[in-house]
Amino acid sequence: MSETTAAERGSAQPRLRAYRVALDPTPTQAQALARHAGANRKAFNHHLAAKVAAHERWRRLVIEATYATGPDGAWLVTDPDRALEHARKTVKVRVPSSMDSMPTFKAAHDWYPEVDLYALSSGMRAADAAWKNWLDSFRGARAGQRVGYPRHRSKHHTRHSFTLFHSKEGQRQKLLDEERRRKLLAGEVAGLGLSPAGYRRLKLPAKAGGSVRVHGNLRPLARKMSRGHAVVCSVTISRGGRYWWASILVEETGPDTVLRTRPTPAQEAGGAVGIDWGVNRLATLSDGATIANPRHLRRAAGKLRRAQRDLSRTGWWRDTPAGLPELVHNPKTRGRRRPTRGREQAQRRLARAHADLAAARAGYLHQVTKQLATGHSMVAIEDLSVAGMTRRPRPRKREGGAGFEPNGAKAKAGLTRSILDTAPGELRRQLTYKTAWYGSRLVVIDRWAPTSKTCSTCGAAKPKLRLSERVFACDECGTVIDRDHNAAINIARLGQAQHNQVARDTQETPDTTSAGPATPPGETGKRPWTRPPGQSPPGDAPEPGTKREGRPAGRSPGRSNPTALPRAG
C-alpha cells in the first residue's frame, strides 16, 4: 500500500479525544474518590438551590407586578395578558453564577479544604448546564425531547462522578522541555498534573488519591504526550458497576489529526455501501454482507432478572418511636430508612449486571462502526425516527365507554426492547465522528424515501409492502431479492445521488472515483462479513411538538424531489 501523499491530506487541526480506562485504586484511594464524588454532588445541589431560590423570587415579583395598583386602587395595566407580559419584561432578578455560589458554599461547609476545588467547580458547572438546558428547551431553542426542571441529586439515586480540569498552555510549555519528555516516557512524571504516570498508572492530585493504578495501560496516550502531540484537558472520574472509571479528555495534534481530503486505497476498494438497519439482522449491507444481531439484552435477561428479584427480597432498617431498629420491606414506608447490608450487596450485583450489559453493547458497536468507516469511502444510512418506532400504542376505548380494547401493547413492548437494544442512535453518532476521522463520508438518507418498496434493478415502486413480506418480488422485471438487501442497495444509490447533488450545489467536483459505485448484488468484490460485529444505524427523534401524519407534503413541480430513487439502467 502506497503512503498517503501531501495532496491527499489536508491541514492539521486540534482534535478532542477521550481515553477511558478502569481504575484499580487501593481502599484509601477509593475512599478519596468517593469523598470527591460526594463533594461534587453537594456543590451541585448548593448551586442549584441558589438558582431555584432566585427563580422563585422572580416569580413572586412578577405576580406582584402583574396585579400592581395605583394610589387610587386601579390596576396599572387593565389587560391581564398585557400586564403579565409587561411584568415579565420589567422584572429582573439576577440568577447566581458559580462564582457567586462558591464563597457561600465554602462558608457553609468547613470540610472543603479536604477535596480538590475542581471537584466543587465541576459540580456547579453541571448545575449551570442543567439550568441552561431547561431554559433552552422551555424557549424552544433546544432540539430533542423536552428537558424537565432541574432536580437535586440524591445520594442513592445518582451517578457518582466528578471532573478535574487542567491547564493546556502550562502543559505545552512543560512538554517543550526534552528532559521532561524523557521523564514522561520513563514514567517519572514531575509537575505535569493530570497525566499518565508511565503506562500503568494515572496521576491525580494528592487529595484525589495521587497516582492510581489502572487496568490495562495508557501506552498510546503516554507516547503521544512524550512527542508533544497531546495535552490533557480534563479527567472525569465516575463509578459504574464494579469499577471506578477515568475518562481522560485530550486535545491531540500531529500527523494523526490531519484531515484527509481523499479516501485511502482500502476505502476506495470498498467503495460506497448502504446500510439497512433491522432487528432480526442488525444490518444488511448493499454488497450482500449481513451483520448479526447479538441480542445483548436477551442474553443478559436471566442474570438481570435474578439480580432484580434478589434486590426486591431485601429491606431497610427503620428506627421505631421507641428507638429500636425495625426491618421494613415496604418502599413507601415513611421515616428515615437505611438499607441493610444484604440490600447494599444486591444493589451492587444489579449494578454490575447492567454495567456488563452496557460494556458488551458498546464494545460490539465500536467494532462495527470502525470497520464500516475504515473499509468504505462512503457510508449511507437512513434517518430513522426511533422515538416514533418505540412510541407506546394508543389505548382503544370500547364502544359505549366501558373499558378498553386490546391494543397490542404487550407485544409492542417486546419489539421496543429489541429496537432499543440495537442502539440505532449510538451507531449513527459513532459513524458521524469516525467517518470524519478516517477520511470517509457519511450520508443520511431522508426517512421518507421508499427504499424498501422500490426495485433496485428497474426502479419500479410497489404501492404497498407488508412487513411480513421478507422477499421483494418485482412485478415489472421479475427480480426476486431479499427485502433488506434490496433496501440497502437503494440506500447506497440514494447516498451517491445526494452526495453528487451537494457537490454540484457547492460548485465542487464530485469525487466519484473515491465513492465508487454501489456494489450490485452478486458482485461484492470482497469477503462477506461473517463474524458478528455490531449494532445498527441511525435514528433521530422528531423535534418536540411536531407530529408527522402520513407522508410529507409534495414539493413544487419545478423542483426535483430528493427522496425519489433514481431509476437503474
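Everything quoted here is computed from the prediction, not taken from an experiment.

A. Region of the structure containing the overall build of the protein chain. Of the regular secondary structure elements, the protein chain holds 15 helices and 21 strands. Expressed as a percentage of its 569 residues, the buried residues of the protein chain come to 38%. Sequence separation of at least 24 residues holds for 69% of the intrachain contacts in the protein chain that already meet a minimum separation of 6. Carbon and sulfur atoms provide 52% of the accessible area of the protein chain, an area that totals close to 33000 Å².

B. Region of the structure containing helix H9 (residues 296–312). Compared with the 24 Å implied by 1.5 Å per residue over 17 residues, the 24 Å span of H9 between its first and last C-alpha is a close match. In H9, a bend of some 40° at Gly302 exceeds every other bend along the element. Among the residues of H9, His296, Ala300, Gly302, Leu304, Ala307 and Leu311 are the ones counted as buried. Buried residues along H9 sit against helix H10 (341–375) and helix H12 (409–421).

C. Just unusual backbone geometry, in detail. Within the chain, Arg295 stands out as a residue other than glycine whose phi angle is a positive 50°. Assignment of secondary structure puts Arg295 in the loop between strand E12 (290–292) and H9.

D. Molecular detail of the sheet that holds strand E8 (residues 243–252). With respect to topology, seven strands assemble into an open sheet ordered E3-E7-E8-E2-E6-E5-E4, the strand pairing being antiparallel. Two strands close off the open sheet at either side, each with one partner strand: strand E3 (161–165) and strand E4 (195–196).

E. Expanded view of the sheet that holds strand E14 (residues 325–328). Spatial strand order, E14-E13-E15: three strands in an open sheet with antiparallel pairing. Strand pairing shows two members of the sheet lacking a second neighbour, E14 and strand E15 (337–339), which therefore form its edges. Ignoring which end each strand starts from, the neighbouring axes of this sheet average 35° apart.

F. Inspection of the pairing of E3 at higher detail. Across the five residues of E3, four count as buried, placing the element largely inside the fold. In this sheet, strand E7 (residues 230–240) lies alongside E3 in antiparallel orientation, the contact comprising five bridges. Across the sheet, the residue bridging to Phe162 is Ile237, located in E7.

G. Layout of the environment of Glu251. Within the fold, Glu251 resides in strand E8. Sequence-wise, Glu251 and Leu16 are 235 residues apart; in three dimensions their C-alpha atoms are separated by 4.6 Å.

H. Looking closely at the pairing of E14. Inspection of the sheet shows strand E13 (residues 316–319) paired to E14 by four bridges, in the antiparallel sense. When the bridges of E14 are listed, Trp317 appears paired with Leu327. Here E13 hands over to E14 after five residues, with Gly323 in that stretch at a positive phi of 90°.

I. Local environment of the environment of Val279. Relative to the elements of secondary structure, Val279 occurs in the loop between strand E10 (272–277) and strand E11 (281–285). Judged by its relative accessible area of 18%, Val279 is buried. Residues Val279 and Asp421, 142 residues apart in the sequence, show an inter-C-alpha distance of 9.0 Å. Filtering out sequence-adjacent residues up to four positions away, Val279 remains in contact with Asn293, Arg295, Ser418 and Ile419.

J. Structural view of the packing of aromatic side chains. Under the counting rule described, the total for this entry stands at eight aromatic pairs. Site record: aromatic cluster; members linked through ring pairs are Trp131, Trp134, Phe138 and Tyr149. One residue, Arg219, lies across the ring of Tyr199, its end atom 4.7 Å from the ring centre. The residue whose ring lies beneath Lys462 is Phe472, and the NZ or CZ to ring-centre distance is 5.0 Å.

K. Spotlight on a positive patch on the surface. On the surface, Arg200, Arg201, Arg213, Arg219, Arg223 and Arg227 cluster together into a positively charged patch. Arg201 sits in the partly exposed class, given a relative accessible area of 31%.

Thresholds, definitions, all that
Residues numbered from 1 in each chain as written. Predicted model: local features only at pLDDT ≥ 70, side-chain atom pairs only at ≥ 80, totals over all residues. Heavy atoms only, no water. Helix = DSSP H or I, 4+ residues; strand = E, 2+ residues; numbered from the N terminus. Buried < 20%, exposed > 50% of the residue type's maximum accessible area, 1.4 Å probe, protein only. Contact = heavy atoms within 4.5 Å. Areas by Shrake-Rupley, 256 points an atom, 1.4 Å probe, with all protein chains shown as cover. Expected span 1.5 Å × (residues − 1). Bend = angle between axes of the 7 residues up to and from the residue. Pairing = 2+ DSSP bridges. Axes fitted to C-alpha atoms, helices over the stretch in contact; angles between N-to-C directions. Phe/Tyr/Trp six-rings, centres within 6.5 Å; stacked < 30°, edge-to-face > 60°. Lys NZ or Arg CZ within 6 Å of the ring centre and 35° of its normal. Patch = residues over 30% accessible without salt bridge, like charges linked within 9 Å, V, L, I, M, F, W, Y side chains within 5 Å. Salt bridge = Lys/Arg side-chain N within 4 Å of Asp/Glu carboxyl O. Lys, Arg positive; Asp, Glu negative; His and termini not counted. Charge placed at Lys NZ, Arg CZ, Asp CG, Glu CD.

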